[in-house]
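# Structure assessment
Here is how the chains run, residue by residue.
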Amino acid sequence: MTEKTHGTRMRPIKETIPISEALRLVDEASRPIDRTSKIPLEEANGRTLATDIVANRDVPPFNRAAMDGYAVVAETTADASRYKPTRLQCIESVHTGRLPTLRVSPGECTEIATGAPIPDGANAVVMVEETNRQGLEVEIFSAVTPWQHVGQQGGDIVTDQTVLRTGELLTPSRVGSIAALGMAEVDVYDQPRVAVLCTGDEIVSPGQPLEPGQIYDINRFTLSAVIAEHGGVALTFPIAGDSLEALSISVDHVIANRTDLLVFSGGSSVGERDLTLDVLRLKGTVDFHGISVKPGKPTAFGHIGTIPVLGMPGYPTSCLSNAYLLLVPLLRRMAHLPTYRPQTISVPAAHRFTSTNKRHQLYSVRVVSGAAVGAFTSSGHITSMSKADGYIEIPEGQDIVEQGENVDVTLF
């Protein structure tokens, strides 16, 4: 008897655990990555800080004009109005990137551009719209108060201020605050390296010809997209054949490639060649196999050494829906990212939805004319999700959602 035909009987999943228990076990097993790297600032958006950012300078580093106009001694404009303008002598023009050379005294002003340094003696800027210039004489039509229209030195950030703290997610504005300090690099936590290992003799990579009985690999691409979107780096490997020896060799290769998380696609069901569990038991431990959710019941979770392992169903819809449920929270915790909270909307059901009351069901839907229309066709049909706007959840113990009943749609 060859290895491929060993154990020819089906191996049904006799017990399942609730989705809440599966989530708890996965959460308890997840550990944030402690490796860090210094990366260029232009690559930092979406990454998580591994060190505090402490200001090494004031921002702005000098008093600067916040408006185009004239730098003045504010007190000299106290009586200015349209009917009785204050008249000042312009002694200099200062443009952005240039330094003033003359001190402004009462009765004088300096023409100034937005962002240019305020000259000594001046403490306010009158907007150009509130002035009229004839030669060197400038009429001021509106009074200003001290430091009006001036960005004061250190008004944004002061030296030694803690601007950002370890563990904060870098957003465009936070990246900008680091750039304001002149830092070109930043320390961040490394992204988890996630191995995606698809199994099955019937699976063929896109671009290759299909032989009879074969289908193209879908899950490698959907899983890799989810991983990239939620802070990980997807490591893809050649499709593993349907034998314990071939799968074992593939797993050894994965482990040797500094993998933080291993995700199987296929091989977690009940057929005689569903060998993910066999390899997991051979090389590590199984925490659970089978969750009471539809689609996605034949999902497994365990460890090989310290590496968490998710065994996803081979059917594309089952694989992708459980990636949102289980892989995303696990991955985001490993990546030091905030808990993912997808957008949800409440709309009426366009028709009756039916479910088995023995399992928690995820039902793909489209939102049409403000109502939820079922889009689920089969666990094997990726169009169930690709044409859907999101999904509704029908909890275990409930078998019907009536037409017109409000449902919460979790948007993709």
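Owing to the predicted nature of the structure, the values given are computational and were not obtained by experimental measurement. Along each chain, numbering runs from 1 in the same order as the chain's sequence is written. A pLDDT threshold of at least 70 governs which residues receive local features in this predicted model, and a stricter bar of 80 or more applies before side-chain atom pairs are shown or counted, although totals over entire chains, interfaces and linings include all residues. With hydrogens and water excluded, all non-hydrogen atoms of the structure serve as input to the side-chain values.

### Some details on the packing of helix α1 (residues 19-29) against helix α6 (residues 316-334)
- With axes taken as lines fitted to C-alpha atoms, and helix axes fitted only over the stretch in contact, angles between N-to-C directions fall between 0 and 180 degrees. Here a helix means four or more residues in a row that DSSP labels H or I, a strand means two or more in a row labelled E, and each is numbered from the N terminus. At their nearest, the axes of α1 and α6 sit 10 Å apart, and the two run at 25° to each other. The angle between α1 and α6 falls in the class roughly parallel. As for the relative orientation of α1 and α6, their crossing is right-handed in sense. Across from I19, A22, L23, V26 and D27 in α1, the residues of α6 making contact are L325, L326, P329, L330 and R333.
- Looking at the contact of α1 with α6, its residues break down into eight nonpolar, no polar and two charged. Throughout this description, any angle smaller than 35 degrees is read as roughly parallel, any larger than 145 degrees as roughly antiparallel, any in the 65 to 115 degree range as roughly perpendicular, and the remainder as oblique. What makes a crossing left-handed is the near helix being turned counterclockwise from the far one by less than a right angle; a clockwise turn instead makes it right-handed. Two residues form a contact once any of their heavy atoms are found within 4.5 Å. Here the term charged refers only to Asp, Glu, Lys and Arg, the term nonpolar to Ala, Val, Leu, Ile, Met, Phe, Trp, Tyr, Cys and Pro, and the term polar to all other amino acids, Gly among them.

### Overview of the packing of helix α3 (residues 219-229) against α6
- Closest axis-to-axis distance for the α3/α6 pair is 10 Å, and the angle between their directions is 25°. In terms of their interaxial angle, α3 and α6 are classed as roughly parallel. Once α3 is placed against α6, the crossing between them reads as right-handed. On α6, the residues that touch N219, T222, L223, V226 and I227 of α3 are P316, C319, L320, A323, Y324, L327, V328 and L331.
- Here the contact of α3 with α6 is composed, by residue class, of 11 nonpolar, two polar and no charged.

### Points about the pattern of salt bridges
- Think of a salt bridge as a Lys or Arg side-chain nitrogen and an Asp or Glu carboxyl oxygen that are within 4 Å of each other. Under the definition given, this model contains 15 salt bridges.
- We note a salt bridge from D52 to R165, for which the minimum N-O separation is 4.0 Å. Residue D52 is located in the loop between β1 (36-40) and β2 (53-54), and its partner R165 is located in the loop between β11 (162-164) and α2 (172-179); the two are separated by 113 residues in the primary sequence.
- Here the term buried applies to any residue with accessible area under 20% of the maximum for its type, exposed to any over 50%, and partly exposed to those in between, with areas from a 1.4 Å probe on protein chains only. When its relative accessible area of 37% is taken as the criterion, D52 is described as partly exposed.
- Overall, R165 belongs to the partly exposed group, its relative accessible area being 48%.
- R87 is the salt-bridge partner of E137, the closest N and O atoms lying 3.8 Å from each other. Taken as a pair, E137 in strand β9 (residues 137-140) and R87 in strand β5 (residues 86-94) lie far apart in primary sequence, 50 residues in all.

### Remarks on helix α5 (residues 276-283)
- Taken together, the buried positions of α5 are T276, L277, V279 and L280. Angularly, the buried residues of α5 cover 165° about the axis, an arc narrow enough to put them on a single face. Of the exposed residues in α5, those oriented more than 90 degrees away from the buried face are R281 and L282.
- Buried residues belonging to α5 abut α4 (244-255), β17 (261-265), β18 (285-289), β20 (300-304) and β21 (307-312). Directions pointing from the helix axis toward each C-beta atom define the arc.

### Overview of the nonpolar core
- For our purposes a nonpolar core is just a set of buried Ala, Val, Leu, Ile, Met, Phe, Trp, Tyr and Cys residues, chained together by side-chain atoms within 4.5 Å. L326 and L327 are the most contacted members of the largest nonpolar core, which totals 32 residues.
- For this core, the secondary structure elements donating two or more residues are α1, β13 (193-198), α3, β17, β21 and α6.
- Apart from residues no more than four positions distant in its own chain, L327 is found in contact with L223, V226, I227, L261, V263, L310, M312 and N322.

### Digging into the sheet that holds β9
- Think of it this way: DSSP has to see at least two bridges between two strands before they count as a pair. Ordered by their spatial adjacency, six strands build an open sheet running β7-β4-β6-β5-β9-β8, and the pairing between neighbours is mixed. If you trace the sheet from one side to the other, it starts and ends with β7 (124-127) and β8 (131-134), each paired once. Each strand axis lies, on average, 40° off the axis of its neighbour in the sheet, ignoring direction.

### Regarding the side chain of R47
- By the secondary structure assignment, R47 is in the loop between β1 and β2.
- Neither His nor the chain ends is counted toward charge; the positive residues are Lys and Arg and the negative residues Asp and Glu. Buried charge R47 goes without a salt bridge, the closest partner of opposite sign being D190 at 4.6 Å.
- Not counting the four nearest positions on each side in its chain, R47 is found in contact with I39, E168, L169, L170, V188, Y189, D190 and Q191.

### Observations regarding α4
- Helix span, as expected, comes to 1.5 Å for every residue beyond the first. Helix length check: α4, at 12 residues, gives a terminal C-alpha distance of 16 Å against a target of 16 Å (1.5 Å per residue), a fit within 8%.
- For α4, the complete set of buried residues consists of L247, S248, S250, V251 and V254. One side of α4 carries all its buried residues, which in axial view fall inside an arc of 160°. Relative to its buried face, α4 has exposed residues pointing more than 90 degrees away, namely E245 and I249.
- Buried residues belonging to α4 abut β13, β17, α5 and β20.

### Focus on the confidence of the model for the protein
- When the pLDDT values of the protein are averaged, the result is 90; 92% of them are 70 or greater.
- Residue-level confidence of the predictor is summarised by pLDDT, bounded by 0 at the bottom and 100 at the top. A low-confidence stretch, residues 1-10 (pLDDT under 50), is modelled with 16 contacts involving residues beyond four sequence positions or located in other chains.

### What to know about unusual backbone geometry
- Residue V59 is joined to P60 through a cis peptide bond whose omega torsion reads -5°.
- On the secondary structure map, P60 appears in the loop between β2 and β3 (64-65).
- Of note, the amide linkage connecting K294 to P295 takes the cis form, showing an omega dihedral of -5°.
- One can find P295 in the loop between β19 (293-294) and β20.
- For W147, which is not glycine, the phi torsion reads 70° and is therefore positive.
- Relative to the elements of secondary structure, W147 occurs in the loop between β9 and β10 (150-151).
- In this structure, H336 takes a positive phi of about 65° despite not being glycine.
- Position of H336 among the secondary structure elements: in the loop between α6 and β22 (344-348).
- Look at H336 and you get partly exposed, because its relative accessible area is 22%.

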